[in-house]
Amino acid sequence: MKQIIDMETWERRDNFNFFRTFSNPSVSITSEVACGGAKARAKAAGESFFLHYLYAILRAANEIKEFRYRIDAQDRVVLYDWVDVMIPVKVNESGKFLSVRIPYDADFGTFYRQAKELIDGVSPDADPYANEKGRNEDTEFNLVNISALPDLYFTAAVTAQQHRNGNDYPLMTVGKAVMREGQLIMPISLSVHHGFVDGYHISLFFKTIEELLK
């Protein structure tokens, strides 16, 4: 499930050691992706556009290995074979949400069915952080966290930092999709450990998402 990285031979050793002592080693960026194709496919199939773009983002995070590096409970750098996604699901009109973990599957149909079943099964009376509290050493770190703001278009976002020395996993927020010059686009904010990724990997991440959403 995970590979413990040999720090003596790791290609990113110097990058990681440089950023690891920063009070905030995360790099944050907001960019836009074209998503009209996924929106049209979801509408034609009577499916959730949210789950279409959630799959695209999670697949990109799995295909680019730099997004699967983590620091585990023993303070070791590890590379996970795959990562799942944690999302907040709204359960009533007052805005209450529940954190739901959705497993990754490279097959979209399988991912969609599992995700819809988990979301539809959410109880409005549950502890919103039950899944956060229920993690263990094997499942705590192989995650990305994605929040959705479907009613708000934004140009930048700052994400809460869970730990003093940065987050254990990438944090993302997706905003409202809007039309611009005849093309549907939506903003995605990303906060990720700079010791694991550089600008090249971030650019590749957004490019991969857009290719999947076209």
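Computed from a prediction, not measured in an experiment: that's the story for all the values here.

Chemist: Looking at this model, I keep getting lost on the pairing of strand S8 (residues 171-174). Mind explaining?
Modeler: Residues in a regular strand point their side chains to alternate faces of the sheet. Of the two faces of S8, the one holding Leu171 and Thr173 and the one holding Met172 and Val174 are both buried throughout. Where S8 meets strand S10 (residues 183-193), 4 bridges bridge the pair, whose relative direction is antiparallel. Bridging from a neighbouring strand, Val174 pairs with Ile188 of S10.

Chemist: Can you help me understand helix H4 (residues 108-120) in this one?
Modeler: Relative to the 18 Å expected for 13 residues at 1.5 Å per residue, H4 spans 18 Å between its end C-alpha atoms, a close match to the ideal helical length. Among the structural elements, helix H3 (49-63), strand S5 (84-90) and strand S6 (97-102) are those in contact with the buried residues of H4.

Chemist: I keep staring at the side chain of His193 and nothing clicks. Help me out?
Modeler: Along the chain, His193 falls in strand S10. Here the side chain of His193 touches Gly195 through a polar contact of 2.9 Å, landing on its backbone nitrogen.

Chemist: Explain the sheet that holds strand S4 (residues 77-80) to me, please; I cannot follow it from the model alone.
Modeler: In a beta sheet, neighbouring strands pair by backbone hydrogen bonds and run either parallel or antiparallel. Spatial strand order, S1-S4-S3: 3 strands in an open sheet with antiparallel pairing. Strand pairing shows two members of the sheet lacking a second neighbour, strand S1 (2-4) and strand S3 (69-71), which therefore form its edges. The sheet shows a mean angle of 35° between the axes of neighbouring strands, direction not considered. In this sheet, S4 lies alongside S3 in antiparallel orientation, the contact comprising 3 bridges.

Chemist: Which parts of the structure should I look at to understand the pattern of salt bridges?
Modeler: Opposite charge on two side chains lets them pair, provided their charged atoms get close. If you walk through the whole model with that rule in mind, you get 11 salt bridges. Measuring nitrogen to oxygen at the nearest pair gives 2.6 Å for the salt bridge that ties Arg180 to Glu32. With Arg180 in strand S9 (residues 178-180) and Glu32 in strand S2 (residues 26-34), this residue pair connects regions lying 148 residues apart in the sequence. Through salt bridges with shared partners, one network takes in Lys2, Asp72 and Arg76.

Chemist: Quick question: what am I supposed to make of the side chain of Asn62 here?
Modeler: If you trace the backbone, Asn62 turns up in helix H3. Exposure remark for Asn62: the relative accessible area of 9% places this residue in the buried category. Here the side chain of Asn62 touches Val83 through a polar contact of 2.8 Å, landing on its backbone nitrogen. Apart from residues lying up to four places away in sequence, Asn62 is in contact with Arg68, Trp82, Val83 and Tyr104.

Chemist: Looking at this structure, I do not really get the packing of aromatic side chains. What am I missing?
Modeler: Aromatic ring pairs: the centre-centre distance and the angle between the two ring planes describe each pair. Tallying each qualifying case throughout the model produces 15 aromatic pairs. Here Phe49 and Tyr53 contribute two aromatic rings whose centre-to-centre distance is 5.2 Å and whose plane-to-plane angle is 75°, an arrangement assigned as edge-to-face. Taken together, the positions of Phe49 and Tyr53, both in helix H3 and 4 residues apart, correspond to about one turn of that helix. Between the aromatic rings of Tyr55 and Phe108, the centroid separation amounts to 5.2 Å while the plane-to-plane angle is 75°, which identifies the pairing as edge-to-face. Separated by 53 residues along the polypeptide, Tyr55 in helix H3 and Phe108 in helix H4 bring together distant segments of the chain. Cluster of aromatic residues (ring-pair linked, three or more members): Trp10, Phe16, Tyr69 and Phe196.

Chemist: I tried to follow the packing of H3 against H4 on my own but got confused; where do I start?
Modeler: For any two helices packed against each other, one specifies the crossing angle of their axes together with the interaxial distance. Taken N-terminus to C-terminus, the directions of H3 and H4 make an angle of 120°; their axes are 10 Å apart at the nearest point. The orientation of H3 relative to H4 falls into the category oblique. For H3 against H4, the interelement crossing comes out right-handed. Here H3 contributes Phe50, Leu51, His52, Leu54, Tyr55 and Leu58 to the contact with H4, which in turn contributes Phe108, Phe111, Tyr112, Ala115, Lys116 and Ile119. Residues belonging to the contact of H3 with H4 are distributed by class as follows: 10 nonpolar, 1 polar and 1 charged.

Chemist: Any chance you could explain unusual backbone geometry here in plain terms?
Modeler: Among all residues save glycine, negative phi is the norm, and among peptide bonds the norm is trans. Not every positive phi belongs to a glycine, and Asp75 is a case in point at roughly 65°. Topologically, Asp75 is positioned in the loop between S3 and S4. One non-glycine residue, Glu181, lies in the positive phi region at around 50°. In this fold, Glu181 is placed in the loop between S9 and S10. Judged by its relative accessible area of 81%, Glu181 falls in the exposed class.

What counts and what doesn't
- Residues numbered from 1 in each chain as written.
- Predicted model: local features only at pLDDT ≥ 70, side-chain atom pairs only at ≥ 80, totals over all residues.
- Heavy atoms only, no water.
- Buried < 20%, exposed > 50% of the residue type's maximum accessible area, 1.4 Å probe, protein only.
- Helix = DSSP H or I, 4+ residues; strand = E, 2+ residues; numbered from the N terminus.
- Pairing = 2+ DSSP bridges.
- Expected span 1.5 Å × (residues − 1).
- Contact = heavy atoms within 4.5 Å.
- Polar contact = N/O pair within 3.5 Å; in protein donor to acceptor, adjacent residues only side chain to side chain.
- Axes fitted to C-alpha atoms, helices over the stretch in contact; angles between N-to-C directions.
- Salt bridge = Lys/Arg side-chain N within 4 Å of Asp/Glu carboxyl O.
- Phe/Tyr/Trp six-rings, centres within 6.5 Å; stacked < 30°, edge-to-face > 60°.
- Parallel < 35°, antiparallel > 145°, perpendicular 65-115°, else oblique.
- Left-handed = near helix turned anticlockwise from the far one by under 90°.
- Nonpolar A, V, L, I, M, F, W, Y, C, P; charged D, E, K, R; others polar.

None of this, on its own, says anything about what the molecule does.
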